[in-house]
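Chains, contacts and geometry: an overview
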Amino acid sequence: MATFLYKVGRLAFRRRHFVALIWVALLTLAGVGAASAPAAGTTSFSIPGTEAQKAFDLLEQRFPGMSADGATARVVFKAPDGQKMTDAGHKATVQETVKELSDGSEVASVADPYTAKAVSKDGTIAYASVKYEVSGMELQDSSREALEDAAQDARDAGLTVEVGGDALQTTPETGATEIIGIGVAAVVLVITFGSLIAAGLPLLTALIGVGIGISTITALASALELGSTTSTLAMMIGLAVGIDYALFIVSRYRAELAEGREREEAAGRAVGTAGSAVVFAGLTVVIALVGLSVVNIPMLTKMGIAAAGTVVIAVLIALTMIPALLGYAGKKVRPAGTRSRWMGGNRAEKKAAAGKAKPNMGTRWASFVVRRPIAVLLLAVIGLGAAAIPAGSLELGLGDDGSQPTSTTQRRAYELLSDGFGPGFNGPLMVVVDAKGKEDPDAVFQQVGDDIKGLKNVVTVTPAAPNKAGDTATITVIPKSKPSSVTTEDLVHSIRDKGAEVKADTDATVLVTGSTAMNIDVSQKLNDALLPYLALVVGLAFLLLIVVFRSILVPLKAALGFLLSVMAALGAVVAVFQWGWFAGLMGVEETGPVMSMMPIFMVGVVFGLAMDYEVFLVTRMREAYVHGEKPSQAVVTGFKYGARVVTAAAVIMMAVFAGFIGSSESMVKMIGFGLAIAVFFDAFVVRMAIVPAVLALLGKKAWWLPKWLDRALPNVDVEGEGLRTRTDKDEDRELVRV
């Protein structure tokens, strides 16, 4: 592989005009496609195999036109202090609002609070339920504006009016912190390279790659039903890996220049060596992201595949466009160890010439770890273990309006409904009873309703509402507890247990659905998929790393280190988003359960990114080892050339991820924080401390591989051995067989 990529790098360097033209053309084509593509339509949230989804599907069959998955809104009215919603003036205002809402082209129905008995016992709060024919993401802006205008008209009449439900669901905003993250990345690159030109190359290529990826996603959003979170994730991952992959190749290019090679040769060698690491690092990320499809949640599958596509683009750009741009830059990209004048280059070069240059920080740190491996290892493991302690209290769930910021109308509507009707009113359960083919369906409906009334934590059970055929009915159940509570989850399971008894007695089917039940089912499905997913992703990556490192213990150590870092990161997420530690600093207004998809998502993404650092750092060590150095010295050599770059890459990735903490969407905020802290733990604790300590303790055993397996595995030559035998035969020293 190294020889092939070496040829690719040299070709891209020589034919830079052609390569640059291809990427500019692709960016233009993707941009035109995004601009001319129709607006994203429906992004149906289906969860195959869950009871809640089966109930939705049944409702579509038995209640045609009901739009079971259509958007909903609750317009909540509150009378001024000392007055009631039953007063004639307020009643007229509400009825006028209901009439105004009914005129919407996408509105399926509007329930009048006074006929639907939707007025609180004390008479101060009432609500009108609005049902739409399309989903929240498919709802037109004109329908949202009409909803907001109707609410404002009622406010102007003297009432307090707030709107809840998914009808006001909008595209999340990331805020200025995303730009700050890119700015931090730029500063780190300038400090790392000591040159604006060299620092600008990774930023430029990463932005081009993300531009192509996001534009492609936008162009396909309508056809493939891609949600806004898909492009946000792709941008987050694409920026981080795009900058990092380019950073590693530019760094290796400068190192090759420092050894006296011509620029075209240096570009070829940089792509042949660092580029090989980029390919395998990218493969681990792609495996982790595409592996999300095993969960069998379409939305998560699409997010993973879209992000994986952006990673593939980042790898291809790093292998082709970076050497092309290096050809354009010429002498403006200086050899490693030299800096531009304004960065103190003259002084540094004079010191180096006088022999006064000190070993770099990576060399000094690795030398310390090699001398004290047990102490460093124990300290790092204990520290990560302490950070992981909060993960033992992990509670999973999906956000509702109660987790929205207090500044939003959805959150205020949630609070008003809780005050007027109880917390469980924000998460009603819909029970669907299928009595088709039964002699007395009405008796079955009555039996199910009576059984549910006898359960704990139930406030209200509405009479059964059968369809026209009279063989299927819906029953609405209002719990006492709020939607995201464990008590409500227990009630859902109790209703389903009663449904099993009804099935045994009457052969009728009882299903529980609604947003609350759907959230519970999603959480359970994600929990059930976590271990199989972990086994699949870690197993495939383990096999891949055996091929890369030609070792058993090094990939095993990499996997165990990843588990430590991801558990510590989950502990940090629990501490901030569930316990409320530093919540104000992170802009978290409401603590609560951690998103159900967070553990499996972090496992996938963090594993891929963790293997990036493992590949980039350890391939340098193996390269030194196979070229004759002792195991302990190879560790120091790997840090000498790789620590500075890996540190810069980690800081950049943390900055990019942390930039998304400013998002208005709680899911994006949590993902941004979780990935940023996970990169910190993995890069600076696992890869910088645990990895050298373990390799120092293992010595030659770290690179042991059974002979039969060595013969069976393909030789991918990540170390660039083929390049040495190809161009440096006269300078080569005898290699150590491993």
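Keep in mind the model is a prediction, meaning the values are calculated, not measured.

Before going further, it helps to spend a moment on the side chain of Glu 256. Mapping Glu 256 onto the fold places it in helix α8 (residues 228-258). Using a relative accessible area of 3% as the deciding quantity, one classes Glu 256 as buried. Other than its neighbours up to four places away in sequence, Glu 256 contacts Arg 261, Ala 266, Arg 269 and Ala 270.

Let us look at unusual backbone geometry. It is generally the case that most residues other than glycine have a negative phi and that most peptide bonds are trans. In this structure, Lys 117 is a non-glycine residue whose phi angle is positive, near 55 degrees. Relative to the helices and strands, Lys 117 resides in the loop between β2 (107-111) and β3 (125-132).

We now examine the packing of helix α16 (residues 486-506) against helix α17 (residues 515-549). Axis separation between α16 and α17 bottoms out at 10 Å; the angle between their running directions is 95 degrees. The pairing of α16 with α17 is recorded here as roughly perpendicular in orientation. Of the residues in α17, those touching α16 at Thr 488, Glu 489, Val 492, His 493 and Arg 496 are Thr 516, Ala 517, Ile 520 and Asp 521. In the contact of α16 with α17, the residues fall into three nonpolar, three polar and three charged.

Of all residues in the protein, 88% have pLDDT values of 70 or greater, and the mean over the chain is 82. Helix α13 (residues 373-388) holds the highest mean pLDDT among the elements of the protein, 94, whereas helix α11 (residues 345-353) holds the lowest, 50. In this model residues 729-738 is a low-confidence stretch, pLDDT under 50, and it forms 15 contacts with partners more than four residues away in sequence or in other chains.

Right, let's get into the packing of aromatic side chains. Enumeration according to the criterion identifies nine aromatic pairs in this entry. Ring plane angle 85 degrees and centroid distance 5.3 Å describe the contact between Tyr 127 and Phe 421, whose orientation is recorded as edge-to-face. Separated by 294 residues along the polypeptide, Tyr 127 in strand β3 and Phe 421 in helix α14 (residues 409-421) bring together distant segments of the chain. Judged by its relative accessible area of 12%, Tyr 127 falls in the buried class.

Rules used throughout
- Residues numbered from 1 in each chain as written.
- Predicted model: local features only at pLDDT ≥ 70, side-chain atom pairs only at ≥ 80, totals over all residues.
- Heavy atoms only, no water.
- Helix = DSSP H or I, 4+ residues; strand = E, 2+ residues; numbered from the N terminus.
- Buried < 20%, exposed > 50% of the residue type's maximum accessible area, 1.4 Å probe, protein only.
- Contact = heavy atoms within 4.5 Å.
- Axes fitted to C-alpha atoms, helices over the stretch in contact; angles between N-to-C directions.
- Parallel < 35°, antiparallel > 145°, perpendicular 65-115°, else oblique.
- Nonpolar A, V, L, I, M, F, W, Y, C, P; charged D, E, K, R; others polar.
- pLDDT = per-residue confidence, 0-100.
- Phe/Tyr/Trp six-rings, centres within 6.5 Å; stacked < 30°, edge-to-face > 60°.

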